[in-house]
Amino acid sequence: MNDVHTSNKAAIAPLRAAMYNFEDAGVRAALDAVMSPTATVHMCHPFGDLTGARELYDGCYRPLLASLPDLERRDYIVIAGPDEFGADWVGCGGFYTGVFVAPWLDIPPTGHQVHMRFHEFYRVEAGKVVEIQALWDIPEVMMQANAWPMAPSLGREWNIPGPATQDGIVSGPRDEETSNASQKHIITMLDHMKKHPSQGGPEVMEMERFWHPRMNWYGPSGIGTGRGIAGFRNWHQIPFLNGMPDRGKFLDEITYHFFGDGTYAAVTGWPDMVQTVTHDGWMGIAPAGRKVTMRSLDFWRLEDGKIRENWVMVDLLDVYRQLGVDVFHRLREFNKARVQGSIPFPVGAR
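### A closer look at the overall build of the protein chain
Piece 1. Of regular secondary structure, the protein chain possesses 9 helices and 14 strands.
Piece 2. Taking 20 Å as the expected radius of gyration for a compact globule of 350 residues, we find that the protein chain reaches 20 Å, a close match to that expectation.
Piece 3. Just so you have it, the protein chain exposes about 14800 Å², and 52% of that area is on carbon and sulfur atoms.

### Side note on helix H5 (residues 176–193)
Piece 1. With 18 residues, H5 should reach 26 Å at 1.5 Å per residue; the first-to-last C-alpha distance of 26 Å fits that figure.
Piece 2. Taken as a whole, H5 has its buried residues at Ser-179, Ser-182, Gln-183, His-185, Ile-186, Met-189, Leu-190, His-192 and Met-193.

### Description of unusual backbone geometry
Piece 1. Residue Pro-173 is bonded to the preceding Gly-172 through a cis peptide linkage, with omega at 0 degrees.
Piece 2. Its location among the elements puts Pro-173 in the loop between helix H4 (138–144) and H5.
Piece 3. With an omega of 0 degrees, the peptide bond running from Trp-270 to Pro-271 counts as cis.
Piece 4. Along the polypeptide, Pro-271 turns up in the loop between strand E10 (264–268) and strand E11 (273–277).
Piece 5. Backbone geometry at Asn-146 places phi at a positive 55 degrees, although glycine is not the residue there.
Piece 6. In this structure, Asn-146 sits in the loop between H4 and H5.
Piece 7. Although it is not a glycine, His-279 sits at a positive phi angle of roughly 50 degrees.

### Looking at the environment of Pro-14
Piece 1. By the secondary structure assignment, Pro-14 is in helix H1 (residues 4–20).
Piece 2. Pro-14 gets classed as partly exposed once you look at its relative accessible area, which sits at 48%.

### Side note on the side chain of His-42
Piece 1. In this fold, His-42 is placed in strand E1 (residues 35–43).
Piece 2. Its relative accessible area of 14% is what places His-42 among the buried residues.
Piece 3. At 2.9 Å, the side chain of His-42 forms a polar contact with the side chain of Asp-49.
Piece 4. Not counting chain neighbours up to four residues away, the residues in contact with His-42 comprise Gly-48, Asp-49, Glu-131, Ile-132, Gln-133, Ala-134 and Trp-270.

### Section: the sheet that holds strand E7 (residues 211–218)
Two modes of strand pairing occur in sheets, parallel and antiparallel, and in both the strands are linked by backbone hydrogen bonds.
Piece 1. Spatial ordering of the open sheet is given by E8-E7-E14-E13-E10-E9, a layout of 6 strands whose pairing is mixed. In this open sheet, the two edge strands, each paired with only one partner strand, are strand E8 (225–227) and strand E9 (257–261). This sheet shows a mean twist of 15 degrees between the axes of neighbouring strands, independent of strand direction.
Piece 2. As paired elements, strand E13 (residues 296–303) and strand E14 (residues 306–314) share 8 bridges and run antiparallel to each other. Paired with Trp-300 across the strands is Asn-310, a residue of E14.
Piece 3. Contacts from helix H7 (residues 228–243) reach E7 and E8 within the one sheet, and its direction differs from that of E8 by about 145 degrees.

### A few points about the packing of H1 against helix H2 (residues 24–34)
Piece 1. One way to put it is that H1 packs onto H2 with a least axis distance of 9 Å and a crossing angle of 165 degrees. Relative to H2, H1 is oriented roughly antiparallel. The way H1 lies across H2 gives a crossing that is left-handed. Packed against H1, whose contacting residues are Ala-11, Ile-12, Pro-14, Leu-15, Ala-18 and Met-19, the element H2 presents Gly-26, Val-27, Ala-30, Leu-31 and Val-34 at the interface.

### A closer look at the packing of H2 against helix H3 (residues 52–67)
Piece 1. Taken N-terminus to C-terminus, the directions of H2 and H3 make an angle of 150 degrees; their axes are 10 Å apart at the nearest point. With respect to H3, the element H2 is oriented roughly antiparallel. Crossing geometry of H2 relative to H3 is assigned as right-handed. Here Asp-24, Val-27, Arg-28, Leu-31 and Asp-32 of H2 lie close against H3, whose contacting residues are Ala-53, Leu-56, Tyr-57, Asp-58, Arg-62 and Leu-65.
Piece 2. By residue class, the composition of the contact of H2 with H3 is 6 nonpolar, no polar and 5 charged.

### As for the pairing of strand E5 (residues 113–125)
Piece 1. Of all 13 residues making up E5, 10 are buried, and the element is well covered by its neighbours.
Piece 2. Where E5 and strand E6 (residues 128–136) come together, 8 bridges link them in antiparallel fashion. Across the sheet, residue Phe-118 finds its bridge partner in E6, namely Trp-136.
Piece 3. Hairpin remark: E5 followed by E6, antiparallel, with 2 residues in the connecting loop; positive phi at Ala-126, about 50 degrees.

Rules used in this analysis
Residues numbered from 1 in each chain as written. Predicted model: local features only at pLDDT ≥ 70, side-chain atom pairs only at ≥ 80, totals over all residues. Heavy atoms only, no water. Helix = DSSP H or I, 4+ residues; strand = E, 2+ residues; numbered from the N terminus. Rg over C-alpha atoms; globule rule 2.2 N^0.38 Å. Areas by Shrake-Rupley, 256 points an atom, 1.4 Å probe, with all protein chains shown as cover. Expected span 1.5 Å × (residues − 1). Buried < 20%, exposed > 50% of the residue type's maximum accessible area, 1.4 Å probe, protein only. Polar contact = N/O pair within 3.5 Å; in protein donor to acceptor, adjacent residues only side chain to side chain. Contact = heavy atoms within 4.5 Å. Pairing = 2+ DSSP bridges. Axes fitted to C-alpha atoms, helices over the stretch in contact; angles between N-to-C directions. Parallel < 35°, antiparallel > 145°, perpendicular 65-115°, else oblique. Left-handed = near helix turned anticlockwise from the far one by under 90°. Nonpolar A, V, L, I, M, F, W, Y, C, P; charged D, E, K, R; others polar.

Printed below as a string of structure tokens:
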């Protein structure tokens, strides 16, 4: 017999299937079937909070489908488990793709296929989705359109891969012992990570204890990927802490939802980080002395007892908003000389 977490993944499966062969009526029906009518949806900036399937579709998916008429969804991670509060979650990671033929969020179309990562977390009760926390990597689309108006990434920008082991869509039944061990490894790692810099130098994090020497840290577009501990520290952690050294001091203002599924673990939170931008600033933004919240939705894969891959999404556009920077306004200013019309689809067909 399937456990509840395997059943919850099965409840989400028709929605994922409908979005693979994406068309209006099928996706609307799948959303209606899987979501509670009063489900709370926390979407990344600029979409904000929504309620129920209709608002989610009309506010997010309908405009995306209009710009990518052959839209399809591909998942490479699907895991499920209970958080520390007893709530049950399904976490999905993958990307949306299609030919970009009409402006979307004022991003000019390219006439070429685009790739947009997503991390989407579904809280399920009695077989129905009652809450969604979701991040889409909108900056990734801006970059593919040569329309990104902010500072260049320090890390590597590329097409982020799925798990090296190709087992990210985890089948049931859920292995409770392995899942709990994966979750504990991540929580212990993060507890050590927060010791630096307030309790000492990099050595207090004991990173070699938790991270595989060939680890990949797949950051969001705007930060990029780092390879190995040195790559993670050089291209993300050191600049992050230089600009926000009070990381980890406001734990009473955040809520984490950790869960594990086999050798995978995940966290979602809205928000799950709070810190103040000071000192050197961050991502090319001058230090504003402003306290900001961050939404970071992550997946980890363990191999030989250490983290080999870490997929990270941060709502960077919302961080810029809190710092007084309207990325979409800058995008319009940088690209106002470009033609904003639609491109016939299929492109160039005769």
